[in-house]
Structures are given as C-alpha cells and as structure tokens.
Amino acid sequence: MCKEHAFICPNICLEEEIFIRLRKAVDELPEKYRVVINLNLDGLSDKEIAERLGITLDAVKQQKKRGKERLREHLDHPFYFFEKSRAYFMRTEHKLSIF
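Since the structure is predicted, the reported quantities are computational estimates derived from the model, not experimental observations. Along each chain, residues carry numbers from 1 onward, in the same order as the chain's sequence is written. pLDDT decides what is reported in this predicted model: residues at 70 or higher carry local features, side-chain atom pairs at 80 or more are listed and counted, and totals for whole chains, interfaces and linings draw on all residues regardless. Water and hydrogen atoms play no part in the side-chain values, which are based on all heavy atoms of the structure.

**Things to note about the packing of helix 2 (residues 31-41) against helix 4 (residues 57-76)**
Look at helix 2 against helix 4: their axes get within 8 Å of each other, and the N-to-C directions meet at 95 degrees. By the angle class used here, helix 2 and helix 4 are roughly perpendicular. Contact residues: helix 2 offers K32, Y33, V36, I37 and N40, while helix 4 offers V60, Q63, K64, R66, G67, K68, R70 and L71. For this classification, Asp, Glu, Lys and Arg are treated as charged, while Ala, Val, Leu, Ile, Met, Phe, Trp, Tyr, Cys and Pro are nonpolar and the rest, including Gly, are polar. For the contact of helix 2 with helix 4, a count of residues per class yields five nonpolar, three polar and five charged. Only C-alpha atoms enter the line fits that serve as axes; for helices the fit covers just the stretch in contact. Angles between N-to-C directions range over 0 to 180 degrees. In DSSP terms, a helix is any run of H or I states spanning at least four residues, a strand is any run of E spanning at least two, and both are numbered starting from the N terminus. These descriptions rest on fixed angle ranges, namely under 35 degrees for roughly parallel, over 145 for roughly antiparallel, 65 to 115 for roughly perpendicular, and the rest for oblique. Any two residues having at least one pair of non-hydrogen atoms within 4.5 Å are treated as being in contact.

**Re the nonpolar core**
Formed by L22, A25, V26, L29, Y33, I37, L71 and L75, the largest nonpolar core amounts to eight residues. For this core, the secondary-structure elements that each account for two or more residues are helix 1 (10-27), helix 2 and helix 4. For this core, the element with the highest residue contribution is helix 1, accounting for three residues. When neighbours within four sequence positions are excluded, Y33 is seen to be in contact with Q63, R66, G67 and R70. Nonpolar cores are built from buried Ala, Val, Leu, Ile, Met, Phe, Trp, Tyr and Cys residues. Side-chain atoms within 4.5 Å join them into one set. Burial status follows relative accessibility: with a 1.4 Å probe on protein chains alone, a residue under 20% of its type maximum counts as buried, one over 50% as exposed, and anything between as partly exposed. Counting six residues, the second-largest nonpolar core is a separate cluster that includes V36, L44, I49 and A50.

**Here's the deal with the pattern of salt bridges**
Definition used for salt bridges: Asp or Glu carboxyl oxygen within 4 Å of a side-chain nitrogen of Lys or Arg. Under the definition given, this model contains two salt bridges. The partner of K24 in a salt bridge is E28, with the nearest N and O atoms 3.8 Å apart. Here D46 makes a salt bridge to K64, at a shortest N to O gap of 2.7 Å. Of this pair, D46 sits in helix 3 (residues 46-53) while K64 is found in helix 4, placing the two residues 18 residues apart along the sequence. For the pair D46 and K64, a shared accessibility class is recorded, and that class is buried.

Listed below in structure tokens is the structure:
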C-alpha cells in the first residue's frame with residue numbers, strides 16, 4: 001500500500017515502516033520479554049500483566065526493562081534501518097509507549 005502512495009503521504013509511509021520494523025523487532029525478542037512487551041503495547045498496566053501471567057510486579061518491571069533494552073539495541077543497529085537518521089527520527093519524533 002505504501003509504495004503506491006509514497007509521493008502523496010511520505011510521513012504515513014515512514015510511520016508504517018517504523019511500525020512494521022518495531023513489530024518485527026518485538027517478535028524477535030525472547031518469549032518472556034515479548035509477552036510482557038506485547039501486553040504493555042495492548043494497554044495493560046504492569047499490575048494487570050503480573051496478574052495475567054501469574055508473576056510478580058517486580059518480574060514484570062524487570063522483563064519490560066530488559067525487553068526495552070534489547071529493542072533499543074536491535075533498532076539502533078546500523079543495518080536495521082537503512083539510514084541512522086530514521087532510527088533517530090523514530091526515537092525522537094514518534095515517542096512509542098514502550099520507550
């Protein structure tokens with residue numbers, strides 16, 4: 001979809017690309033981090049995640065923190081984005097709820 005409309009809506013295309021790459025990076029996380037991050041992206045609070053998974057609140061916070069660290073490392077990798085400036089744009093202009 002985005003390729004056909006690239007000249008009309010470049011910002012939407014960039015946002016779509018960022019979303020796709022973020023979801024791919026989340027999917028590549030180890031399961032314990034991926035589950036917590038996905039539930040957080042779905043809007044659940046740390047307490048709700050702990051209750052749903054049957055783990056402590058501290059465990060949720062720790063897994064979310066480590067998952068975020070891995071995502072940052074992955075998304076900052078120079079080959080992950082074609083241009084380093086796109087990763088910078090993602091981190092500064094599109095403040096995602098998990099960051």
